[in-house]
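# Commentary on secondary and tertiary structure
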Amino acid sequence: MKVNYPRRQFFGIGAAVASAAALAGRPAFAASGSANSVVEWDKKAEKEVLTLLHHMHHAWNDGDVEFIKGAVADEGFVGTFELTGDESPVVLTSRSELIAFVEKLVGDIKASGSKTEASPNRTHQVRATSTFAICTEQCDLIESHADGSRSILPHRGTSALAKTEDGWKFVHWHVSEGGNGKHFDAAGKQIA
């Protein structure tokens, strides 16, 4: 005999179980470990992840696609939010989509004669356990164009990383605009 419960009824059953457990003085759902366990932050892991973030900035600056590909986890990847070359948002649902996006973006930048510099001149915050990390950062992306003009585009990013046998790997990142950009002509005069 197969029994199907409507979604509302399923949630009602879950609430009833949680209520009964609470009345009995026990948590209905508990994290692994003791009821008093807390996250154990790892300063050494935080430093390792911060080092990787700095290496990733250099890889973007140098157009080092192989380093970027090697820093993204093969397994456990969660969809990513990025910005295209014209600052339009794009959703990338798999590692392979992300890698294809990075290869195209770096290729387009090189073909245009432009150069980009991710300048980590603002804020990095890293919180890590021995196996998982979450990071936020703010930086300016400086684009120098073939005609001598340049743009300074503030970016914000959030990253999640996992410790693997091969070291720390990105399992997710999200990039968004961090404010209004500034655009300068070849003579250095601000035009927008």
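All of the points below concern the structure found in this document. Predicted model, so just to flag it, every value in this text is computed and none were measured.

Compared with the 28 Å implied by 1.5 Å per residue over 20 residues, the 29 Å span of helix 2 (residues 43–62) between its first and last C-alpha is a close match. All of the buried residues along helix 2 are Ala45, Glu46, Val49, Leu52, Leu53, Met56, His57, Ala59 and Asn61. Its side-chain oxygen at 3.0 Å from the backbone nitrogen of Lys44, Asp42 defines the N-terminal cap of helix 2. Trailing helix 2 by a residue or two, Gly63 shows a phi angle of about 65°, which is positive.

This part takes up the pattern of salt bridges. Tallied over the full model, the rule gives eight salt bridges. Between Glu46 and Arg127 there is a salt bridge; the shortest N-O distance is 3.8 Å. Of this pair, Glu46 sits in helix 2 while Arg127 is found in strand 3 (residues 115–128), placing the two residues 81 residues apart along the sequence. The exposure class of Arg127 is partly exposed, given its relative accessible area of 31%. Two residues, Glu103 and Lys69, come together in a salt bridge whose shortest N-O distance is 3.4 Å. Of this pair, Glu103 sits in helix 4 (residues 95–112) while Lys69 sits in helix 3 (residues 65–70), and the two are 34 residues apart along the sequence. Residue Glu103 is classed as partly exposed on the basis of its relative accessible area of 37%. One continuous salt-bridge network, built from bridges that share partners, spans Lys43, Glu46 and Arg127.

Cut-offs used in this document
- Residues numbered from 1 in each chain as written.
- Predicted model: local features only at pLDDT ≥ 70, side-chain atom pairs only at ≥ 80, totals over all residues.
- Heavy atoms only, no water.
- Helix = DSSP H or I, 4+ residues; strand = E, 2+ residues; numbered from the N terminus.
- Expected span 1.5 Å × (residues − 1).
- Buried < 20%, exposed > 50% of the residue type's maximum accessible area, 1.4 Å probe, protein only.
- Polar contact = N/O pair within 3.5 Å; in protein donor to acceptor, adjacent residues only side chain to side chain.
- Salt bridge = Lys/Arg side-chain N within 4 Å of Asp/Glu carboxyl O.

Read these as layout, nothing more, since geometry by itself doesn't imply function.
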